[in-house]
Amino acid sequence: MTNLEFHAPAPADLDGGLASLRGDCARMVPHWAAPEKISSRPVSPSLIHGVTVPARSARLLEAMPDYGN
């Protein structure tokens, strides 16, 4: 027997607005699993070693007023 009923996987109108986006998210909620809460504690700077930053990235951060100046 052939099933002639067809459901589009996404709405035809891609600019559906906020209401459409909220509806899509509400339909996806059952498919998302929330991870267990992970409690992390601060790590002592003396335990952090072996981290290298490429010079290009360091220069980029140094040029940003929020980080470098």
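Residues numbered from 1 in each chain as written. Predicted model: local features only at pLDDT ≥ 70, side-chain atom pairs only at ≥ 80, totals over all residues. Heavy atoms only, no water.

Quick word on the overall build of the protein
Formally: Secondary structure elements follow DSSP: runs of H or I of four or more residues count as helices, runs of E of two or more count as strands, with numbering from the N terminus. Throughout this description, buried means an accessible area under 20% of the type-specific maximum (1.4 Å probe, protein chains only), exposed means over 50%, and partly exposed covers the range between. Method for areas: the Shrake-Rupley scheme with a 1.4 Å probe, in which residue coverage is limited to the protein chains shown.
A tally of helices and strands in the protein yields two helices and zero strands. Expressed as a percentage of its 69 residues, the buried residues of the protein come to 0%. As presented, the protein carries roughly 7300 Å² of accessible surface, and 60% of it is formed by carbon and sulfur atoms.

Let's talk about a nonpolar patch on the surface
Where we set the bar: The residues that make up patches have over 30% relative accessible area and no salt bridge, and they are joined within 9 Å when like-charged or within 5 Å when they are Val, Leu, Ile, Met, Phe, Trp or Tyr. One side-chain nitrogen of Lys or Arg within 4 Å of one carboxyl oxygen of Asp or Glu is enough to make a salt bridge.
Taken together, Val-43, Leu-47, Ile-48, Val-51 and Val-53 make up a surface patch of nonpolar side chains, about 510 Å² in accessible area. In this structure, Val-53 sits in the loop between helix H1 (18-28) and helix H2 (55-63).

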